[in-house]
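Listed below, chain by chain, are the residues.
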Amino acid sequence: MSENVIEVRNLSRNFGDTRALDDVTLDVSRGIVFGLVGENGAGKTTLIKHLLGLFRAKSGSVRVFGLDPVKDPVGVLGRIGYLSEERDLPDWMRVQELMNYTEAFYPKWDEGFAEELRKMFELAPKEKIKNLSRGKRAQAGLMIALAHRPDLLLLDEPSSGLDPVVRQDILGAIIRTVADEGRTVFFSSHLLDEVERVADHVAMIHEGRMVLCAALEKIKENHRTIVLQFDEPRPAAPDLPGVLRATGEGREWTLLCEGNAGDIKKAAEGIGGRIIEDSIPSLEEIFVSRVKSRKHI
Amino acid sequence: MRIRISLQGGVPVYLQIANQIKYLAASRRFLPGDQLPSVRKLAEELVINPNTVARAYRELENEGVLVTRRGAGVYVSEGGSPLAKKERRRILSERIDMLLTEAGHLNVNLEDLMDLIGERNKILKEKEKKS
């Protein structure tokens, strides 16, 4: 399964003087859950809008299913189920009307599945979209994104601002989608624990730049948190190769490092430190260490 | 099946699942021939990536704890795998280590501890007989 559903090459984008995307390159292979993480304003939505063909690549290239989404919107959008961050749905429609309306756009719309989802999310057919609660609105958006059984499910901040029950529905939809052979999920989130639960592959974006992009398992293998103890107090954090973030004072310092565990241990011993704790950091800790000021020494 | 996942503590999720299933099998909460939930079902229940569950099942299959019957699901393997025995020993060893440490703190030597174990065993057996 080497086939890539998404290929982005050297994509850059400016809005006025702001660099929204800076030389972003990524591949998403078929059948995986790809999590895009970053703070608000990091460039996640800008990237997603390029994938949907809502923005034309001015510098670099974007391919979805091997096609240019701007030149071939039908070929691309017909195979994508998309839930936007704003959940922009036609407010004046009722739930049933929304379903009928959306069905017209998708030849592969599955009426039975749509009805199943509507019941599961407890959406009343006659309810006006504008009267739906925040959670119900997200579920309505998810229903129409899923009902044509898309090859690629694209979710922009799907659980932002939702209560835990609806969030479970969203994550459940991600899991069910990818459990069906050959379907792919691409979602953005700033909830790192959520990403760590469901993603196979993670990309971290910060101020428009890709700071890390790898299989979640590899990311976890490649980072460690170690607590070092020294015989004498140190005025500043020990400077070891691969340190992303250092906190502590005096004789005890906590370092989040990248690299091989054996090398880190050797380097620590080289400057007279003893490792008293060694653990694998959470994705959240890794993200923070890469995004916040690199070392505070 | 009650499995709990924690993202803190650094143990990979697939390993947490595999260890807990081993524990359930070794402690006889799962009997040989019992069916496990499908990959998809357990993934939804735990809200984790199905690939993670599949990996845990695959590891357990390699170790002989589980068997997959084509098209019929995943089962605890028949006849108690050698690993289940090993796992039972491992679980008991952990408890014994704790007991020995405790005895050490209380200044009870091994001989007295063994006597006490024998005594307690007798009492438990008698209770069982009565009920």
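Parameters at a glance
- Residues numbered from 1 in each chain as written.
- Chains lettered and ligands numbered in written order.
- Predicted model: local features only at pLDDT ≥ 70, side-chain atom pairs only at ≥ 80, totals over all residues.
- Pairing = 2+ DSSP bridges.
- Helix = DSSP H or I, 4+ residues; strand = E, 2+ residues; numbered from the N terminus.
- Axes fitted to C-alpha atoms, helices over the stretch in contact; angles between N-to-C directions.
- Contact = placed C-beta atoms within 7 Å.
- Nonpolar A, V, L, I, M, F, W, Y, C, P; charged D, E, K, R; others polar.
- Core = buried A, V, L, I, M, F, W, Y, C linked by C-beta atoms within 7 Å.
- Buried ≥ 20, exposed ≤ 12 C-beta atoms within 10 Å, placed from the backbone.
- Domains from an automatic or database assignment.

Q: Quick question: what am I supposed to make of the sheet that holds strand S9 (residues 209-215) of chain A here?
A: Pairing between sheet strands relies on hydrogen bonds along the backbone, with the strands arranged either parallel or antiparallel. Residues and elements named next belong to chain A. Read from one edge to the other, the open sheet built from six strands follows the order S5-S6-S7-S3-S8-S9, with strand pairing classed as mixed. Of all the strands in the sheet, just strand S5 (80-83) and S9 have a single pairing partner and so form its edges. The average undirected angle you get between the axes of adjacent strands in this sheet is 15°. Of the strands in this sheet, strand S3 (33-37), strand S6 (152-156), strand S7 (184-189) and strand S8 (201-206) are in contact with helix H1 (residues 44-51), which crosses S6 at around 150°. Along the sheet, helix H6 (residues 164-179) contacts S3, S6 and S7; its crossing angle with S7, the most-contacted strand, is approximately 155°.

Q: Just checking my understanding: could you explain the interface of chain A and chain B for this structure?
A: Reports often express the size of an interface as the amount of accessible area lost when the parts come together. Each partner contributes residues to the interface: chain A has 18 residues there, and chain B has 12 residues. Elements with a minimum of two residues in the side of chain A that touches chain B: H6 and helix H7 (192-198) of chain A. Broken down by element, the side of chain A that touches chain B gets its largest block of residues, seven residues, from H6 of chain A. Looking at the side of chain A that touches chain B, its residues break down into eight nonpolar, four polar and six charged.

Q: Which parts of the structure should I look at to understand the nonpolar core?
A: The nonpolar side chains of a soluble globular protein tend to be buried with one another. Residue and element names in this part refer to chain A. Residues Ala140, Ile174, Phe186 and Val202 are the most contacted members of the largest nonpolar core, which totals 88 residues. The contact partners of Val202, leaving out residues within four places of it in the chain, are Gly35, Val37, Val195, Ala214, Leu216, Ile219 and Leu283. Counting residues in hydrophobic clusters, the runner-up holds 12 residues, among them Ile226, Leu228, Val243 and Ala246.

Q: Quick question: what am I supposed to make of the sheet that holds strand S11 (residues 243-258) of chain A here?
A: Residues and elements named next belong to chain A. One open sheet holds the three strands; their spatial order is S11-S10-S12, and the pairing between them is antiparallel. Every interior strand has two partners, whereas the edge strands, S11 and strand S12 (274-279), have only one. When strand polarity is set aside, the average angle formed by the axes of neighbouring strands in this sheet is 25°. Two elements, strand S10 (residues 223-234) and S11, share eight bridges in a ladder whose sense is antiparallel. Bridge pairing links Leu228 to Trp253 in S11. Packed onto the sheet, helix H9 (residues 261-270) meets S10, S11 and S12 and runs at close to 5° relative to S10. Most of the contacts of helix H10 (residues 283-291) go to S11, to which it runs at about 95°, and overall it touches S10 and S11.

Q: In this structure, what is going on with the domain arrangement of chain B? I would like to understand it.
A: Residue and element names in this part refer to chain B. The domain architecture assigned to chain B consists of domain 1 (13-76) and domain 2 (82-130). For domain 1 and domain 2, the distance between their C-alpha centroids amounts to 30 Å. Listed as interface residues are seven residues of domain 1 and, on the opposing side, five residues of domain 2. Taken together, the residues that form the side of domain 1 that touches domain 2 break down as four nonpolar, one polar and two charged.

Q: What is the right way to look at the domain arrangement of chain A in this model?
A: All names here are of chain A. You can read the domains of chain A as domain 1 (4-219) and domain 2 (222-291). Across the boundary between the two partners, domain 1 contributes 12 residues, which contact nine residues of domain 2. Counting only elements with at least two residues in the side of domain 1 that touches domain 2, the list comes to H7, S8, S9 and helix H8 (216-221). Ranked by the residues each element gives to the side of domain 1 that touches domain 2, the list is headed by H7, at four residues. Per-class residue counts for the side of domain 1 that touches domain 2 are eight nonpolar, one polar and three charged.

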